[in-house]
Amino acid sequence: EADIYQTPRYLVIGTGKKITLECSQTMGHDKMYWYQQDPGMELHLIHYSYGVNSTEKGDLSSESTVSRIRTEHFPLTLESARPSHTSQYLCASSDPRQGGNQPQHFGDGTRLSIL
Amino acid sequence: SQQGEEDPQALSIQEGENATMNCSYKTSINNLQWYRQNSGRGLVHLILIRSNEREKHSGRLRVTLDTSKKSSSLLITASRAADTASYFCATDASQNFVFGPGTRLSVLP
């Protein structure tokens, strides 16, 4: 199994709260990603990063923000959670130094429920 | 519209049977990947096939790629209950991979 960790696994929280979803990887991968996935549905890329101090928006517009201060750490923040943010959030990483689009290693996700 | 789309959406078979899932895409690709997702877990990479390859094997998995038809298939032979999962194809038409909606496979004991 890949060494990429997400915390918390589950989070139930009230509307208006600030939330940070943590993602860490120990593989030294430069490229990292955040996906949003509703149950039984496809993954939508919401953020990605090429490395330290790099953050890009993905294909799906999201009110969340990300930061990349260290290679191994790529947290996602929601400043004011709303029920529409209820979903599963998956973090992934890959090693672009191997060339091209390499396989992604995924964490087990955070299942977020906003009441 | 989606770059990659799996077919069927759901598949139910008996243990020991073969399972075939298909993926169609719209634009030219450099490579295509297949992933598995068990319930409540992240995705696990299964196999990558490059645009200049036609077939690739890994254990009980066989992947084919037909770039003229813009389609790929994933065959799981001699299925087991543990193969029950969702299977996604991912294509790299852009600088990032785009995932299809997946095929939900149920293997009944």
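Since we're looking at a predicted model, the values are computed, not measured.

K.L.:
Summarise the sheet that holds strand β3 (residues 19-25) of chain A; cite the residues concerned and give the values.
P.N.:
Residue and element names in this part refer to chain A. One open sheet holds the four strands; their spatial order is β1-β3-β8-β7, and the pairing between them is antiparallel. The open sheet has two free edges, formed respectively by β1 (4-7) and β7 (65-66), since each of these has just one partner strand. Two strands pair when backbone bridges link them, and β1 and β3 are joined in this way by four bridges, in the antiparallel orientation. Its bridge partner lying in β3, Thr7 is registered against Glu22.

K.L.:
Which residues make up the interface of chain A and chain B, and what are the values?
P.N.:
Counting residues at the interface gives 22 residues for chain A and 21 residues for chain B. Surface buried jointly by chain A and chain B totals about 1800 Å² across both partners, of which 42% is contributed by carbon and sulfur atoms. At the boundary of chain A with chain B, the tally comes to one salt bridge. Put simply, Arg41 of chain B and Asp108 of chain A hold a salt bridge, and the shortest N to O gap is 3.0 Å. Inspection of the chain A/chain B interface yields seven residue pairs in polar contact (both at pLDDT 80 or more). For the side of chain A that touches chain B, the residue count by class is ten nonpolar, seven polar and five charged.

K.L.:
Explain unusual backbone geometry to me, and be specific about the residues and the numbers.
P.N.:
All names here are of chain A. Cis geometry is adopted by the peptide bond preceding Pro8, which originates at Thr7 and carries an omega value of -10°. Along the chain, Pro8 falls in the loop between β1 and β2 (10-13). Although it is not a glycine, Asn53 adopts a positive phi angle of roughly 65°. Structurally, Asn53 can be placed in the loop between β5 (43-49) and β6 (56-57).

K.L.:
Residue-level account of the pattern of salt bridges, with values.
P.N.:
Residue and element names in this part refer to chain A. A full pass over the atoms with the stated rule returns seven salt bridges over all chains. The partner of Arg82 in a salt bridge is Glu63, and the shortest N-O contact between them spans 2.7 Å. In this pair, Arg82 sits in the loop between β8 (76-78) and β9 (87-94) while Glu63 sits in the loop between β6 and β7, placing the two residues 19 residues apart along the sequence. By relative accessible area, Arg82 is classed as partly exposed at 37%.

K.L.:
Now, about the pairing of β9 of chain A: what can you tell me, with residues and values included?
P.N.:
Working note: regular strand, side chains alternate between the two faces of the sheet. Residue and element names in this part refer to chain A. Here β9 lies mainly inside the structure; eight of its eight residues are buried. Of the two faces of β9, the one carrying Ser87, Tyr89, Cys91 and Ser93 and the one carrying Gln88, Leu90, Ala92 and Ser94 are both buried. With seven bridges connecting them, strand β4 (residues 31-37) and β9 associate as antiparallel partners. Counterpart to Tyr35 in the pairing with β9 is Leu90. When β9 meets strand β10 (residues 105-106), the two strands line up antiparallel, connected through two bridges. Opposite Ser93, over in β10, you have His105 as the bridge partner.

Here is what the cut-offs are and how they apply
- Residues numbered from 1 in each chain as written.
- Chains lettered and ligands numbered in written order.
- Predicted model: local features only at pLDDT ≥ 70, side-chain atom pairs only at ≥ 80, totals over all residues.
- Heavy atoms only, no water.
- Pairing = 2+ DSSP bridges.
- Helix = DSSP H or I, 4+ residues; strand = E, 2+ residues; numbered from the N terminus.
- Contact = heavy atoms within 4.5 Å.
- Buried area = accessible area lost by both parts, 1.4 Å probe.
- Salt bridge = Lys/Arg side-chain N within 4 Å of Asp/Glu carboxyl O.
- Polar contact = N/O pair within 3.5 Å; in protein donor to acceptor, adjacent residues only side chain to side chain.
- Nonpolar A, V, L, I, M, F, W, Y, C, P; charged D, E, K, R; others polar.
- Buried < 20%, exposed > 50% of the residue type's maximum accessible area, 1.4 Å probe, protein only.

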